[in-house]
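Structure at a glance
Chain residues, written in single-letter form:
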Amino acid sequence: MAVTLGLLTGAAKAQEKWPSRPVTVIVPFAAGGNTDVMARIFAEQLTKRLGQQFIVENKAGAGGVNGLHAMTRAEPDGYTIAVATSGGIAINPILIKDKIPYNVEKDFTYLYGMAAQPNIWLVNPSVPANTMAELIAWLKANPETPYATSGPGTTQHICGAMLEDAAGLKMTAVSYRASNISIQDLIGGQIKLACDNFAVAYEQVKGGKLRAISITSPGPYPLAKEIEPTAATLPGFELMPAFGWVGPANMPPDIVKKLIEELVAVGKIPEVRTALEKFGVLQTELPGPAYAEALAKERAGYARVIERAGIKVQ
């Protein structure tokens, strides 16, 4: 009888349908930011669709590295997944490759590329430039012009390094603790130039406090079609930091398949699309392998910029 009961119990576990208990969604940043809010929008819909709670857990620190590291160390059973950004899985693996505690090619299951957003080249209205060609001319006439960043290796810094390389000019990167602080200095004229992310910058542009010179999407950005792409002046200039869903390596194929299907379905819900647009992000809707491929391409692009510019983090 004991043997029979054991076999039945084992069979029941083998047939257990995922998810049979709550799923933890690690967000590697503090609550309230864009990554956190987007994760919660998706988590709410996944909860409705799958009948189990998808609980967001914020594990901030080290630019997203701490939370992603915790996720890679979890059991690969589908009950711990995460939302990652380009910083954690495309930039930092290049920038601090000897210090990062995970391998982006071996320690992750890539589930779904959720969204991406460009940066905007911004100037204080006192700068005599309205186009990228005019900005380049002004920067060449004013070498070492300071530009605002959120620190070495951030997308704001990389954007500046890309412009220096593409246009053959030299600027001086100035680090701020956060974009909201640098934006205020930009408005006040304490610093005159930045390449900041769309969600932070666009409201200030619409309010007339800052001037948009160009946008780093590969073509016209659907949420701001009036801003000319940087690539129109400097072909190939593209910077589109991304947000996506990942899990630990070696997850069961059936759970991976189900997660991908559900994330794709959630991304197509009209209210989800509307909510994401409010954050200034463009849905990319890349299932599994397509997301991994896009990240590999993005990582290679960052590697070229970081190496050529000699960007280092102490």
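Residues numbered from 1 in each chain as written. Predicted model: local features only at pLDDT ≥ 70, side-chain atom pairs only at ≥ 80, totals over all residues. Heavy atoms only, no water.

The next thing to look at is the side chain of E298. Relative to the elements of secondary structure, E298 occurs in helix α11 (residues 288-309). No salt bridge forms around the buried E298; measuring N to O, its nearest opposite-charge neighbour R299 is 7.4 Å away. In this structure E298 touches S86, A90, M240, P241 and A242, once residues within four positions along its chain are discounted. (Helix = DSSP H or I, 4+ residues; strand = E, 2+ residues; numbered from the N terminus. Buried < 20%, exposed > 50% of the residue type's maximum accessible area, 1.4 Å probe, protein only. Lys, Arg positive; Asp, Glu negative; His and termini not counted. Salt bridge = Lys/Arg side-chain N within 4 Å of Asp/Glu carboxyl O. Contact = heavy atoms within 4.5 Å.)

A word on the confidence of the model for the protein chain. Per-residue pLDDT for the protein chain has a mean of 93; in total, 95% of the residues score no lower than 70. Below pLDDT 50 for its whole length, residues 1-14 participates in zero contacts with residues either more than four positions away or in separate chains. (pLDDT = per-residue confidence, 0-100.)

All right, on to the environment of P93 then. Relative to the helices and strands, P93 resides in helix α4 (residues 86-95). Taking the C-alpha atoms as reference points, P93 and E228, separated by 135 residues in sequence, lie 31 Å from one another. Those residues in contact with P93, other than ones at most four positions away along the chain, are G87, G88, I100 and V104.

What follows is about the environment of V37. Relative to the helices and strands, V37 resides in helix α2 (residues 34-50). Taking the C-alpha atoms as reference points, V37 and A275, 238 residues apart in sequence, are found 9.6 Å from one another. When residues no more than four places from it in sequence are discounted, the contact partners of V37 are G32 and F279.

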